[in-house]
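Residues per chain, in single letters:
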Amino acid sequence: MADNKDVIICPACGCEMEKVFIPDLGINLDVCSKGCGGIWFDNREFKKFDEPHEDITPVVEVLEGKEFKNVDDDKLRICPVCGMNMVKNNVSAKHEVTIDECYGCGGKFLDFKELDKIRSQYNTEEERAADAIRELYSLAGVELTAFTDEYEKRMENPSMLTRLIKLKYK
Ligand SMILES: [Zn+2]
Ligand SMILES: [Zn+2]
């Protein structure tokens, strides 16, 4: 299990990742703010993302308006926590978005570029946001089976996740 206090070295670009404290969840996420814009989640952290309204705005604020280096997402990545080879998984066959997953410690790495792929698949903001949310939650092992009226209402007041996917990849 990852120790939140350890510095995580970005598995995509080798930069030190920045700890971003999320008050709503009481955890730190690791964000590659000086390198590629990727986000590292350890297993325990992912389990916290079980409600669509949970707010990780601080991550958005760290990433917003920055330019990130391009990384080769086909390259094999090594888990920065436990040293195992990470496995590329399609989180959705339809959208061809792959993430790197560590079966050793349960860590997951999401490229900033992968968010952009999600972004570019849809004609409307609403459609894209809805599917991107579903995508990100499926990453977290949470299946959103239906978008209810209640959920649509929440979408009018975008959660961190919707705002995150609206960030422009440069
Ligand atoms: Zn990076
Ligand atoms: Zn690992």
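What counts, and at which threshold
- Residues numbered from 1 in each chain as written.
- Chains lettered and ligands numbered in written order.
- Predicted model: local features only at pLDDT ≥ 70, side-chain atom pairs only at ≥ 80, totals over all residues.
- Heavy atoms only, no water.
- Helix = DSSP H or I, 4+ residues; strand = E, 2+ residues; numbered from the N terminus.
- Buried < 20%, exposed > 50% of the residue type's maximum accessible area, 1.4 Å probe, protein only.
- Contact = heavy atoms within 4.5 Å.
- Phe/Tyr/Trp six-rings, centres within 6.5 Å; stacked < 30°, edge-to-face > 60°.
- Salt bridge = Lys/Arg side-chain N within 4 Å of Asp/Glu carboxyl O.

S.K.: Looking at this structure, how should I read the environment of Val62?
M.R.: Residue position: Val62 is located in helix 2 (residues 57-63). Under the relative-accessibility criterion, Val62 is labelled buried at 14%. Apart from residues lying up to four places away in sequence, Val62 is in contact with Glu18, Val20, Val31 and Ser33.

S.K.: Honestly, the packing of aromatic side chains in this entry has me stumped. Any pointers?
M.R.: For any two aromatic rings, the description comes down to two numbers: the centre-to-centre distance and the angle of the planes. This model, assessed by the stated rule, comprises one aromatic pair. Their ring planes at 70° and their centres at 5.0 Å tell us that Phe68 and Phe112 sit as a pair that is edge-to-face. Of the two residues, Phe68 is situated in the loop between helix 2 and strand 4 (87-92) and Phe112 in helix 3 (residues 112-119); the sequence distance between them amounts to 44 residues. This pair shows no difference in class: Phe68 is buried, exactly as Phe112 is.

S.K.: Hey, could you run me through the pattern of salt bridges in this one?
M.R.: Pairing between side chains becomes possible if they bear opposite charge and their charged atoms approach one another. Per the counting criterion, the structure on display carries five salt bridges. Of the charged contacts, one joins Asp30 and Lys19 as a salt bridge, the two residues approaching to 2.7 Å between their closest N and O atoms. Within this pair, whereas Asp30 is found in strand 2 (residues 27-31), its partner Lys19 is found in strand 1 (residues 18-22), the two being separated by eleven residues in sequence. Judged by relative accessible area, which is 2%, Asp30 ranks as buried. With relative accessibility at 27%, the residue Lys19 sits in the partly exposed group. Note that Arg77 and Asp111 form a salt bridge whose closest N and O atoms lie 2.9 Å from each other. Pair noted here: Arg77 is in the loop between helix 2 and strand 4 and Asp111 is in the loop between strand 6 (108-110) and helix 3, with a separation of 34 residues, a long-range link. The buried category is assigned to Asp111, whose relative accessible area is 1%.

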